[in-house]
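# Summary of the model geometry
Listed below, chain by chain, are the residues.
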Amino acid sequence: MLKVLLLSMLLWSTSQLPVFASDPPPAITGWKSYTNARFGFSVQYPPEWQLGKPLADGVGISLYPPVPKSQMTLSGYLNMVEGTSQNGQQSITEFADAHRRIIQDLYAKKSIALKWEPESPVTLGSRPAMQLTFSYRDDNQADVIEFHIFSVGRNEGRGVRIKMPAAARTTLMPTISQVLQTYEPGRD
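We now turn to the structure provided with this report. (Residues numbered from 1 in each chain as written. Predicted model: local features only at pLDDT ≥ 70, side-chain atom pairs only at ≥ 80, totals over all residues. Heavy atoms only, no water.)

### Let's talk about the overall build of the protein chain
Here is the rule we go by: Helix and strand assignments come from DSSP, with helices taken as H or I runs of at least 4 residues and strands as E runs of at least 2, each series counted from the N terminus. Contact criterion: two residues are considered in contact whenever any of their non-hydrogen atoms come within 4.5 Å of each other. The method behind every accessible area is Shrake-Rupley, applied with a 1.4 Å probe, and residues are considered shielded solely by the protein chains displayed.
A count of helical and extended segments in the protein chain gives 3 helices and 10 strands. Moving toward the C terminus, one meets the helices and strands of the protein chain in the order α-β-β-β-β-β-α-β-β-β-β-β-α. Partitioning the intrachain contacts of the protein chain with sequence separation of at least 6 by distance along the chain shows that 50% fall at a separation of at least 24. Carbon together with sulfur atoms contributes 58% to the accessible area of the protein chain, which is approximately 10,400 Å² in total.

The following block contains the structure:
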C-alpha cells in the first residue's frame, strides 16, 4: 500500500511540471537551434538530441531525445476551418475538441484505449495554447504518454507533440520544459 501511495505521489508531482513557458530565456550555451522556414517558429535543443527529417510540405520537424521511443514534433498549420471565433475561424477550444476527436478515432481504429488527463490552458511561445495529455499501452504493452500543445492564430497555428515511455516522464520532462522555454512562435 505504501508503495502504491509513493508511486501515486511521484506521478502526481511530475504531472505538475510545467510543459510550457510564457517568457523564453536567453539562448542556452551549447544547444543547437532549429527555425522553420515556412511558419517561422524556432526552438533550441540539447546537442545530444537528433534532428529528424523535415515533415511533408515543410510544416515542421521531429526531435529525438536520447531516450528510446521518445520524440518531440514541432509543426505549424493553417487555421482555415470555419468556427465561432471573432474572425470566423476555429477557436482554441474548437480546435482542441476536434483534435481530441481525431486522436480518439485514430487510436480506436487500432483498438488502443486512451486514458485522458484533464486538458490544460497553457502558453506556447507566450501565446495562449491548450495542452491535451493522454496515455495508452503500445503494441508491446509498454505505457506511453503523449502531450499535444497547440495554439491558434488569425491564419496559422502552432503545435508540439511530445511522445515518450511513461517511465521516462520524470527524467525527460525537465529537459523538455527547457526546450519549450526556448520556443519562439514566429509570425502569424
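The discussion continues.
### What to know about the packing of aromatic side chains
Definition in use: Between rings of Phe, Tyr and Trp, where Trp is taken as its six-membered ring, a pair exists when centres lie within 6.5 Å; planes separated by under 30 degrees are stacked, by over 60 edge-to-face, and by other angles tilted. Throughout this description, buried means an accessible area under 20% of the type-specific maximum (1.4 Å probe, protein chains only), exposed means over 50%, and partly exposed covers the range between. Remark: a charge is flagged as sitting over a ring if the NZ atom of Lys or the CZ atom of Arg is within 6 Å of the ring centre and within 35 degrees of the ring normal.
If you walk through the whole model with that rule in mind, you get 8 aromatic pairs. With a centroid separation of 6.2 Å and an interplanar angle of 50 degrees, the aromatic rings of Tyr34 and Phe41 are classed as tilted. Residue classification places Tyr34 among the buried residues on the basis of a relative accessible area of 12%. Geometrically, the ring pair formed by Trp116 and Phe134 is tilted, given 4.9 Å between the ring centres and 45 degrees between the ring planes. Linking Trp116 in strand S6 (residues 115–116) with Phe134 in strand S8 (residues 127–137), this pair joins segments that are 18 residues apart in sequence. Assessed through its relative accessible area of 22%, Trp116 is described here as partly exposed. What makes Phe134 buried here is its relative accessible area of 0%. Here a set of aromatic residues connected by ring pairs shows up, and it is made of Tyr107, Trp116, Phe134 and Tyr136. Above the face of the Trp116 ring, Arg100 is positioned so that its terminal group lies 4.4 Å from the ring centre.

### What to know about the pattern of salt bridges
Definition in use: The term salt bridge refers to a side-chain nitrogen of Lys or Arg lying within 4 Å of a carboxyl oxygen of Asp or Glu.
Per the stated rule, a full pass over the model turns up 4 salt bridges. Note that Arg169 and Glu117 form a salt bridge whose closest N and O atoms lie 3.4 Å from each other. Linking Arg169 in helix H3 (residues 169–181) with Glu117 in the loop between S6 and strand S7 (120–124), this pair joins segments that are 52 residues apart in sequence. Among the residues examined, Arg169 registers a relative accessible area of 8% and is labelled buried. With its nearest N and O atoms 3.2 Å apart, the salt bridge here joins Arg137 to Asp143.

### Regarding the nonpolar core
What counts here: For our purposes a nonpolar core is just a set of buried Ala, Val, Leu, Ile, Met, Phe, Trp, Tyr and Cys residues, chained together by side-chain atoms within 4.5 Å.
Counting 26 residues, the largest nonpolar core has Met72, Leu74, Val160, Ile162 and Ile176 as its most contacted members. Here this core takes 5 residues from H3, the largest share from any one element. The next biggest cluster of nonpolar side chains, apart from the first, holds 7 residues, and it includes Ile103, Ile112, Tyr136 and Val144.

### Some points on the environment of Ile112
As for its position among the elements, Ile112 is in the loop between helix H2 (92–109) and S6. With 26 residues separating them in the primary sequence, Ile112 and Asp138 have C-alpha atoms 7.8 Å apart. Apart from residues lying up to four places away in sequence, Ile112 is in contact with Tyr107, Tyr136 and Arg137.

### Quick look at the environment of Gly60
Residue position: Gly60 is located in strand S4 (residues 60–64). Distance from Gly60 to Asn36, taken between C-alpha atoms, is 6.4 Å for residues 24 residues apart in sequence. Ignoring anything within four residues of it in the chain, the contact list for Gly60 reads Tyr34, Asn36, Phe41, Pro54, Leu55, Leu74 and Ser75.

### Some words on H3
Quick reminder of the rule: The span one expects for a helix is its residue count, reduced by one, times 1.5 Å. To be clear, the arc concerns the directions from the helix axis to the C-beta atoms.
If you check H3, its first and last C-alpha atoms are 17 Å apart, about what 13 residues at 1.5 Å a residue would give, namely 18 Å. Restricting attention to buried positions, one finds in H3 the residues Arg169, Leu172, Met173, Ile176, Ser177, Val179 and Leu180. For H3, the arc enclosing every buried residue in end-on projection is 160 degrees, short of the 170-degree limit, so these residues lie on one face.

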